[in-house]
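Breakdown of the fold
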Amino acid sequence: LIRTHDGTLLVARFGRAEGGGAGIAWVRPDGSSGLVPGIDEGRKRLGLTEAPDGSLYSSYFERAAGGGSAGTVTRVDLARGESVVADGFGKLVGLIVVGEALYVADQSAGILYSAPLAALPAHAGEWSPFARLPVPDQLCAGPDGSIFSAQFKAAPGSADPVAVRLIHADGSVTSFIAAPAVTRPSGVAYDPEGRRLFVA
């Protein structure tokens, strides 16, 4: 869930387990609401973010032809739908704009990728691996150019506990709060005025 510069609320609909139902819904400050047109309801989506110039970005993933997940970053227009920005990722979950860069969480690769907003590459192989962390999920901007990432499930074969992690501006990663204090964290939101982190 994000709130844009004009007060519009946007929420990504993940979709049903059996397929269908995915989309992007919006609610304007005057109470009007709707769905972004042309969204493929079979694609799973969670990520939404707004750039400083008002551009909206989303991420989705779908089953890849050879197995696994194929993830894509898109630019969203509330009236006209979405257009592909970059493909070739794995299971893309969260994404966030921090400063002049767009960051995307590839959950299957355990990598937070970044690219400059002014020149977003069209393929995942041209994005820069910014940080490595177990099973990154939803993202939010933190203090001093940092990013928080939730972790909804344990990493296969890893002894690392489920945690909310802080990715510092230099790409280093520390555990902010871990199991058993959190169990299945997914959504995160940071309040810079009160310096509080909210975790769903």
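The sections below set out a description of the structure shown in this document. What you see is a predicted model, and the numbers here were worked out from it, not measured in a lab.

**Considering a nonpolar patch on the surface**
A cluster of nonpolar residues, Leu1, Leu9, Val11 and Val27, forms a patch on the protein surface that exposes about 340 Å² of accessible area. Relative to the elements of secondary structure, Leu9 occurs in strand E2 (residues 9-13).

**Observations concerning the environment of Leu133**
Along the chain, Leu133 falls in the loop between strand E12 (128-132) and strand E13 (139-141). By relative accessible area, which is 6% here, Leu133 ends up buried. Placed 11 residues apart in sequence, Leu133 and Asp144 show a C-alpha to C-alpha distance of 20 Å.

**Remarks on the sheet that holds strand E1 (residues 2-3)**
Reading across the sheet, the 4 strands line up as E1-E2-E3-E4 and stay open at both edges, with antiparallel pairing between neighbours. This sheet does not close on itself; its edge strands, each paired only once, are E1 and strand E4 (33-35). In terms of strand pairing, E1 meets E2 through 2 bridges, oriented antiparallel. The partner of Arg3 across the bridge, within E2, is Leu9.

**A closer look at unusual backbone geometry**
For the peptide bond that leads from Ala179 to Pro180, omega is 10°, which places it in the cis range. Within the secondary structure layout, Pro180 lies in the loop between strand E16 (173-178) and strand E17 (188-191). Phi is positive for Asp144, which is not a glycine, with a value near 55°. By the element assignment, Asp144 lies in the loop between E13 and strand E14 (147-149). In this structure Asp144 comes out as exposed when scored by relative accessible area, which is 72%. Positive phi, close to 50°, is recorded for Arg195, a residue that is not glycine. Looking at the element boundaries, Arg195 is found in the loop between E17 and strand E18 (196-199). Judged by its relative accessible area of 60%, Arg195 falls in the exposed class.

**Describing the pairing of strand E9 (residues 92-98)**
Of all the 7 residues making up E9, 7 are buried; the element is thus mostly covered by neighbouring parts of the structure. In terms of strand pairing, E9 meets strand E10 (residues 101-106) through 5 bridges, oriented antiparallel. What sits directly across from Leu95, in E10, is Val104. Between E9 and E10, which pair antiparallel in sequence order, lie 2 residues; one of them, Gly99, sits at a positive phi of approximately 65°.

What counts, and at which threshold
- Residues numbered from 1 in each chain as written.
- Predicted model: local features only at pLDDT ≥ 70, side-chain atom pairs only at ≥ 80, totals over all residues.
- Heavy atoms only, no water.
- Patch = residues over 30% accessible without salt bridge, like charges linked within 9 Å, V, L, I, M, F, W, Y side chains within 5 Å.
- Areas by Shrake-Rupley, 256 points an atom, 1.4 Å probe, with all protein chains shown as cover.
- Salt bridge = Lys/Arg side-chain N within 4 Å of Asp/Glu carboxyl O.
- Helix = DSSP H or I, 4+ residues; strand = E, 2+ residues; numbered from the N terminus.
- Buried < 20%, exposed > 50% of the residue type's maximum accessible area, 1.4 Å probe, protein only.
- Pairing = 2+ DSSP bridges.

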